[in-house]
Amino acid sequence: MLSLRGGNLLSSLSSRCAVCTGKRSITGFGAGNASDHKIVPVPEARRFVEECLRSVGAKDKHGRQMSELLASADTRGHYSHGMNRIEMYVRDIQQGSTTIDQEPEVEKSTASTALVNGNKCLGPTVGCLSMDLAIQKAKESGVGWVAAHGSNHYGIAGWYAMQASSQGLIGLSFTNTSPLQVPTRGRECVLGTNPIALAAPGKNGDSFVLDMATSTAALGKVEVCQRKGQQIPDGWGVSSNGQQTNDPARVVPDGGLLPLGGIEVSGGYKGYGLAMMVEVFCGVLSGSHFGTGIRKWSGQHDIAANLGQCFIAVDPSCFAPGFEERLQTLMDYLRNMPTADGEDSVLVAGDPERQHLKQVEENGGVSYHDNLITAMAQLASELGVTPIRTKQ
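To keep things clear, this report deals only with the structure shown in the data block. Computed from a predicted structure; not experimentally measured.

Definitions and limits used
In this numbering scheme, every chain counts its residues from 1 along its sequence in written order. Local features in a predicted model are, by the rule used here, given only for residues with pLDDT of at least 70; side-chain atom pairs are given and counted only at 80 or more, and totals for whole chains, interfaces and linings are based on all residues. Processing note: side-chain calculations cover all non-hydrogen atoms of the structure and skip hydrogens and water entirely. Strands are runs of DSSP state E lasting at least two residues, helices are runs of H or I lasting at least four, and both sets are numbered from the N terminus onward. Here the globule rule reads 2.2 Å times residues to the power 0.38, and the radius of gyration is calculated from C-alpha atoms. Relative accessibility decides the category of a residue: with a 1.4 Å probe and only protein chains considered, values under 20% of the type maximum give buried, values over 50% give exposed, and everything between is partly exposed. A contact between two residues is defined here by any heavy atoms of the two lying within 4.5 Å. Each accessible area is a Shrake-Rupley estimate made with a 1.4 Å probe; only the visible protein chains count as cover when residues are assessed. Counting rule for charge: Lys and Arg are taken as positive, Asp and Glu as negative, and neither His nor the chain ends is counted. The atom standing in for a charge is NZ when the residue is Lys, CZ when it is Arg, CG when it is Asp and CD when it is Glu. In short, DSSP must find at least two bridges between two strands for them to pair. Each axis is a line fitted through C-alpha atoms, taken for helices only over the stretch in contact, and angles between the N-to-C directions span 0 to 180 degrees.

Turning to the overall build of the protein chain, a few remarks are in order. A tally of helices and strands in the protein chain yields twelve helices and twelve strands. Here the C-alpha atoms of the protein chain give a radius of gyration of 20 Å, agreeing with the 21 Å that 2.2 N^0.38 yields for 392 residues. The principal-axis extents of the C-alpha atoms in the protein chain amount to approximately 55 × 50 × 50 Å. Expressed as a percentage of the 392 residues in the protein chain, the buried residues total 55%. Partitioning the intrachain contacts of the protein chain with sequence separation of at least 6 by distance along the chain shows that 69% fall at a separation of at least 24. Within the structure as shown, the protein chain displays about 16600 Å² of accessible surface, and the carbon and sulfur contribution to it stands at 52%. When the 34 positive and 38 negative side-chain charges of the protein chain are each reduced to one mean point, those points stand 1 Å apart.

See the structure below:
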């Protein structure tokens, strides 16, 4: 069985555009040769995820939440957090670190805050309850702030923030993760990639959707470069002595990722500070595991993750009127401003994902690499579910 945990499958998908150059890809795995990709309709992708989880005992509602999350990640171009992750969730259930017979519960609540115990449920199940609660409180009090402990990997942070923005609110979401990031001036992985997401509504369905890690690069990107025998750019990682390296083999498994900004002289301490901010909101505030107390990214399926997460919703109507109009004015200005030499456009956070969504719609589904289709066929055989049916 080809393991998906820790980005191994991601590392084998070499069609990702310019992954070792630092240039951002918009089209993702679908950007490679058509001959090594298959189109899968979104409903079929969701069906497969739900059947996989049902086969290991997950509740139908929890499976639907997971399938919606993973489909959202893939259709938005975040392939590392979509179908690529389903085996990880299955293994966590099989080995008992994720429960299938529990529901998250509210432990403490005020007019604008709440503390949620995830009870080791699937991350999206914990996240949906928590963000729903934050949205409800924001509509009643102006602001809803919910912290959760006892959670699991919850996918792309932006999915939760967008749940709030789709209802006219500003949404924020954060999670701590397994320690993969080395603090500025350090040599040990203490913090995770600790993502930050903010979604805010503009006009006519437009929106600002920021979804970013607080490390310069994802671990999977470093692994891709290692598989290709290519060097990584400055600012991505360090070796075991804490010194910056361009050799991906020295980052994985003995070194670590650098914070957003890279080394100290180029502003890496700011990314380190942002990662710490997320840890305060998530691990420290909620009472979950934090820092090196969180299980390692690979090889510890049998240990409860006990991740901490934070969900915030804000009603902009409680402040100056015209929020959506002003945000739209700002986004339109940025998109239409003169570009730097050699560039064709200035993008706003969320624009690359919108372009990918359009591509998925035109293709009639998500473009998955053959390696992923093969791995999913192996998983289907093991679990006794119908393999993914690709578009003819």
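Glancing now at the sheet that holds strand β9 (residues 244-245). Strand order in this open sheet of three strands is β9-β8-β10, and the pairing throughout is antiparallel. Lying at the two open borders of the sheet, with one neighbouring strand each, are β9 and β10 (256-257). With two bridges joining them, strand β8 (residues 237-238) and β9 adopt antiparallel strand pairing. Of the residues in β9, the one forming a bridge with Val238 is Gln244.

Moving on, we come to helix α4 (residues 86-94). With respect to burial, α4 is a largely interior element, eight of its nine residues being buried. Residues of α4 that are buried include every one of Ile86, Glu87, Met88, Tyr89, Val90, Arg91, Asp92 and Ile93, and no others. Along its buried surface, α4 packs onto α2 (42-55), α3 (60-75) and α12 (370-383).

Attention shifts here to the environment of Asp206. Turning to its location among the elements, Asp206 is positioned in the loop between β6 (196-201) and β7 (207-212). If near-sequence neighbours (up to four positions away) are discounted, Asp206 is found in contact with Pro201, Gln328, Met331, Arg335 and Arg354.

In this structure, Pro253 follows Val252 across a cis peptide bond, with omega equal to 5°. Within the secondary structure, Pro253 is located in the loop between α8 (248-251) and β10. Phi angles above zero are rare outside glycine, and Arg185 is one such case at about 75°. Within the secondary structure, Arg185 is located in the loop between β5 (170-175) and β6. By relative accessible area, Arg185 is classed as exposed at 76%. In this structure, Asn194 is a non-glycine residue whose phi angle is positive, near 30°.

Moving on, we come to the sheet that holds β5. Strands belonging to one sheet form pairs held by backbone hydrogen bonds; the direction of such a pair is parallel or antiparallel. Within the open sheet, the seven strands sit side by side as β2-β3-β4-β11-β5-β6-β7. Their pairing is mixed. The open sheet is flanked by β2 (105-109) and β7, the only strands paired with a single partner. Strand-to-strand twist of the sheet, defined as the mean angle between neighbouring strand axes without regard to direction, takes the value 15°. In this structure, β5 lies alongside β6, joined through four bridges in antiparallel fashion. Opposite Gly171, over in β6, you have Ala199 as the bridge partner.

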